[in-house]
Amino acid sequence: MIDISFLIISSAVLLGLIWLIVWIFKKAARGEIGISVNAALLMTLAAILLIPFAMNFSAHLISGMMHSPGAAVTSDSESGHH
């Protein structure tokens, strides 16, 4: 069973990484920092790969929490019908 604190911590870390990439892109677009073309391509690649990974990872954890044995009691088992 997945612990809810692990889900919260991992989501916060992934959101922090995404925020950091966006912040660096904003600084570079304003001209406040100068980055090379290779660094910009590397950051773009990281953003392209990180965002879908974060979405898939959190969906997998949430799905695992919802479908774990004993997580929810069905109405059939409550009423005694088999």
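For the structure itself, look to the data block above.
Caption draft 1: Region of interest: the packing of aromatic side chains. Under the defined criterion, the tally for this structure stands at one aromatic pair. Summarising the aromatic geometry, the rings of Trp19 and Trp23 are spaced 6.3 Å apart at their centres and angled 15° between planes, so their arrangement reads as stacked. Taken together, the residues Trp19 and Trp23, both in helix α1 (residues 4–30) and four residues apart, mark about one turn of the helix. Judged by relative accessible area, Trp23 falls into the partly exposed class, the value being 39%.

Caption draft 2: Representation of the pattern of salt bridges within the structure. Under the criterion given, the structure shown has one salt bridge. Put simply, Glu32 and Lys27 hold a salt bridge, and the shortest N to O gap is 2.8 Å. Its relative accessible area of 45% is what places Glu32 among the partly exposed residues. For Lys27, a relative accessible area of 22% corresponds to the partly exposed category.

Caption draft 3: Layout of a nonpolar patch on the surface. A surface patch of nonpolar side chains, about 620 Å² in accessible area, is lined by Ile9, Val13, Leu17, Trp19, Leu20 and Trp23. Tracing the backbone shows Leu17 in helix α1. Here Leu17 falls in the partly exposed class, since its relative accessible area comes to 39%.

So, how was this worked out
Residues numbered from 1 in each chain as written. Predicted model: local features only at pLDDT ≥ 70, side-chain atom pairs only at ≥ 80, totals over all residues. Heavy atoms only, no water. Phe/Tyr/Trp six-rings, centres within 6.5 Å; stacked < 30°, edge-to-face > 60°. Helix = DSSP H or I, 4+ residues; strand = E, 2+ residues; numbered from the N terminus. Buried < 20%, exposed > 50% of the residue type's maximum accessible area, 1.4 Å probe, protein only. Salt bridge = Lys/Arg side-chain N within 4 Å of Asp/Glu carboxyl O. Patch = residues over 30% accessible without salt bridge, like charges linked within 9 Å, V, L, I, M, F, W, Y side chains within 5 Å. Areas by Shrake-Rupley, 256 points an atom, 1.4 Å probe, with all protein chains shown as cover.

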